[in-house]
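Examining the three-dimensional arrangement
Next come the chains, spelled out residue by residue.
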Amino acid sequence: MVVLGLTGSIGMGKTTVAGALKACGAAVYDADAAVHRLLAAGGAAVTPVLARFPDAGTGEGAARAVDRGTLGAKVFADADALAELEAILHPLVRAGERRFLAAGQRRGCRLAVLDMPLLFETGGEARCDATLVVSAPAAVQRARVLGRARMTEERLAAILARQMPDAEKRRRADFVIRTGLDRRVSRLAARRVAARLAAARGTRWPSCWAGALMQDGEGRHA
């Protein structure tokens, strides 16, 4: 099974490319969606996050969840608080990745995609056989992002400050898809990447995950 790391800065069109890869038969693990599930009612991150940020809670009892807007406001300009939040979330997201990959292997999946906004920033490329960066001109990116609800210039600047510059991501990537043109062009490029990788043989899973798999009790799937 080939593990492809998919990344790109905010507003670059990563969702379109992820969808195109999925349409080609790839299994896709969306790290952002995983975080949303972790913070929703019943999510594994609700209790530890609210222990640290009690004012970010919403609902009662089984419906208790983390209000992501309130939480975001608390860590927006506080690097220490953000680091504490990431220390809670990142291990849970990684555990989800391992379960996803183990399930993909059992199904005989040929291409598994880890959709991670901070792939390079967190060293995630070491867990992948190849990396794909989605990129767009700065003006296109800016227009896309500022068109979102509740997005401001200040918030965009803070997000970009946390992310590796687009040029550096492109330099590190094995594949680059540019999304400033028609979406059909991006989808075609994604299909070409999937076709290239269809003939490849993965070496990262489960070899570089072995220690974590044994800790999770999933070594039997390796």
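Residues numbered from 1 in each chain as written. Predicted model: local features only at pLDDT ≥ 70, side-chain atom pairs only at ≥ 80, totals over all residues. Heavy atoms only, no water.

Re the overall build of the protein chain
When its secondary structure is counted, the protein chain shows ten helices and seven strands. Here the protein chain has a C-alpha radius of gyration of 18 Å; the compact-globule value for 222 residues is 17 Å, and the two agree. Taken along its principal axes, the extent of the C-alpha atoms in the protein chain is 50 × 50 × 25 Å. Within the protein chain, the proportion of its 222 residues that are buried is 45%. Look at the contacts in the protein chain between residues 6 or more apart in sequence, and 71% of them connect residues 24 or more apart. (Helix = DSSP H or I, 4+ residues; strand = E, 2+ residues; numbered from the N terminus. Rg over C-alpha atoms; globule rule 2.2 N^0.38 Å. Buried < 20%, exposed > 50% of the residue type's maximum accessible area, 1.4 Å probe, protein only. Contact = heavy atoms within 4.5 Å.)

Brief notes about the nonpolar core
Val49, Phe53, Val66, Leu71, Leu101 and Leu114 are the most contacted members of the largest nonpolar core, which totals 33 residues. Where this core is concerned, the elements lending two or more residues are β2 (27-30), α2 (31-39), α3 (46-52), α4 (68-75), α5 (79-106) and β5 (111-115). Residue contacts for phenylalanine 53: discarding those within four places in its chain leaves Leu71, Lys74, Val75, Ala81 and Leu85. With 22 residues, the next largest nonpolar core counts Val17, Ala26, Ala194 and Leu197 among its residues. (Core = buried A, V, L, I, M, F, W, Y, C linked by side-chain atoms within 4.5 Å.)

Observations concerning the packing of aromatic side chains
All told, the structure shown has one aromatic pair when counted by the stated rule. Here the guanidinium or amino end of arginine 52 rests over the ring plane of phenylalanine 53, the centre of that ring lying 4.4 Å away. (Phe/Tyr/Trp six-rings, centres within 6.5 Å; stacked < 30°, edge-to-face > 60°. Lys NZ or Arg CZ within 6 Å of the ring centre and 35° of its normal.)

Regarding the packing of helix α6 (residues 138-146) against helix α7 (residues 153-162)
Axes are the key here: two packed helices are described by the angle between their axes and the distance separating the axes. Relative orientation of the contacting elements α6 and α7 amounts to 125°, with a least axis distance of 10 Å. Relative to α7, the element α6 is oriented oblique. The two elements α6 and α7 meet at a crossing, and its hand is right-handed. The segment α6 lies against α7, with Gln141, Arg142, Val145 and Leu146 engaging Glu153, Leu156 and Leu160. Looking at the contact of α6 with α7 residue by residue, the class counts come to four nonpolar, one polar and two charged. (Axes fitted to C-alpha atoms, helices over the stretch in contact; angles between N-to-C directions. Parallel < 35°, antiparallel > 145°, perpendicular 65-115°, else oblique. Left-handed = near helix turned anticlockwise from the far one by under 90°. Nonpolar A, V, L, I, M, F, W, Y, C, P; charged D, E, K, R; others polar.)

Topic: the side chain of serine 9
Secondary-structure assignment places serine 9 in the loop between β1 (2-7) and α1 (14-23). For serine 9, the side chain forms a polar contact with the side chain of glutamine 163, separated by 3.5 Å. Setting aside residues no more than four positions away along its own chain, serine 9 makes contact with Val134, Gln141, Gln163, Met164 and Lys169. (Polar contact = N/O pair within 3.5 Å; in protein donor to acceptor, adjacent residues only side chain to side chain.)

Some words on the pattern of salt bridges
The final tally for this structure, using the stated rule, is eleven salt bridges. Notably, a salt bridge pairs arginine 127 with glutamate 97, separated by 3.1 Å at the nearest N-O pair. Linking arginine 127 in the loop between β5 and β6 (130-135) with glutamate 97 in helix α5, this pair joins segments that are 30 residues apart in sequence. Overall, the relative accessible area of 0% leaves glutamate 97 in the buried class. Arginine 184 serves as the salt-bridge partner of aspartate 182, at 3.0 Å between the closest nitrogen and oxygen. (Salt bridge = Lys/Arg side-chain N within 4 Å of Asp/Glu carboxyl O.)

Some thoughts on the pairing of β1
Among the six residues in β1, six count as buried, and that is most of the element. Burial along β1 is two-sided: the residues Val2, Leu4 and Leu6 and Val3, Gly5 and Thr7 are all buried. Bridge count for β1 against β5 is five bridges, and the pairing is parallel. Directly across from glycine 5, in β5, lies its bridge partner leucine 114. Here β1 runs beside β6; their pairing, made up of four bridges, is parallel. Among the inter-strand pairings, glycine 5 is bridged to a residue of β6, identified as threonine 131. (Pairing = 2+ DSSP bridges.)

What to know about a positive patch on the surface
Side chains of Arg144, Arg183, Arg187, Arg191 and Arg192 sit close together on the surface and give a patch of like positive charge. The dominant element in the positive patch, judged by the number of residues it contributes, is helix α9 (residues 183-198), at four residues. Here arginine 192 shows up in helix α9. Taking relative accessible area as the criterion, arginine 192 reaches 55% and is therefore assigned exposed. (Patch = residues over 30% accessible without salt bridge, like charges linked within 9 Å, V, L, I, M, F, W, Y side chains within 5 Å. Areas by Shrake-Rupley, 256 points an atom, 1.4 Å probe, with all protein chains shown as cover. Lys, Arg positive; Asp, Glu negative; His and termini not counted. Charge placed at Lys NZ, Arg CZ, Asp CG, Glu CD.)

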